[in-house]
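# Coordinate analysis (summary)
Listed below, chain by chain, are the residues.
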Amino acid sequence: MLRIAFDDPHELEPMLPGIEKEYEDFYEGITPYTRKDYMDDLLRVTSGRTDPLLSSILVNNSKNTVFWMHETGGVKMEPAITVAGVKKGNMVVWPRGLVVRAVHEGVGLSRTWFATAGKLGIEIRYPAPPPS
């Protein structure tokens, strides 16, 4: 799953086009996950031991990074229904910040990045020597 900060659930629409045809009232079950919420969670799970600059970069760029992965990298996204969503009546209720994932998870993510690198003519080398 890709944890991202957002103020309005409809901000996720470009990554999940037509999702309301598949899940009625999809966006109604999503609670906004603000940058403050994300930072509070990060501080909680690290017991406050996180680098302030790096955590700020992570949180403040989370949404743009995932959108870049989708738009530039060609990473297809889907709702993380089998991992996080809970169906209540006709609505899926989501844990805060945990709504989307890459299609086929890590395997799909890696496969897409390698395909994108190939299309862009980026050479991938194995093995790389250790830094000196």
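Notes on the structure in this doc start here.

Criteria and cut-off values
Residues numbered from 1 in each chain as written. Predicted model: local features only at pLDDT ≥ 70, side-chain atom pairs only at ≥ 80, totals over all residues. Heavy atoms only, no water. Helix = DSSP H or I, 4+ residues; strand = E, 2+ residues; numbered from the N terminus. Buried < 20%, exposed > 50% of the residue type's maximum accessible area, 1.4 Å probe, protein only. Contact = heavy atoms within 4.5 Å. Areas by Shrake-Rupley, 256 points an atom, 1.4 Å probe, with all protein chains shown as cover. Lys, Arg positive; Asp, Glu negative; His and termini not counted. Charge placed at Lys NZ, Arg CZ, Asp CG, Glu CD. Salt bridge = Lys/Arg side-chain N within 4 Å of Asp/Glu carboxyl O.

## What to know about the overall build of the protein chain
Each helix and strand counted, the protein chain has 4 helices and 4 strands in total. In the protein chain, the succession of α and β elements from N to C terminus is α-α-α-β-β-β-β-α. Expressed as lengths along the three principal axes of its C-alpha atoms, the size of the protein chain is roughly 55 × 40 × 20 Å. Within the protein chain, the fraction of its 132 residues that count as buried is 33%. Sequence-distant contacts, at least 24 apart, represent 63% of the contacts inside the protein chain between residues at least 6 apart. For the protein chain, the accessible area works out to roughly 8,600 Å², and carbon and sulfur atoms hold 56% of it. Counting 15 positive and 17 negative side-chain charges, the protein chain places the centres of these two groups 6 Å from one another.

## Digging into the pattern of salt bridges
Taken as a whole and judged by the stated rule, the model has 8 salt bridges. For Asp40, the salt bridge is made with Lys36, and the minimal N-O distance between the two is 2.7 Å. Of the two residues, Asp40 and Lys36 both sit in helix 2 (residues 35-45), 4 residues apart, roughly one turn of that helix. With relative accessibility at 36%, the residue Asp40 sits in the partly exposed group. The class of Lys36 is exposed, set by a relative accessible area of 57%. Connected through shared salt-bridge partners, Arg3, Asp41 and Arg44 make up one network.

## Notes on the side chain of Asp37
Following the sequence through the fold, Asp37 ends up in helix 2. The exposure class of Asp37 is buried, given its relative accessible area of 15%. Setting aside anything within four residues of it in sequence, one finds Asp37 in contact with Pro32 and Arg96.

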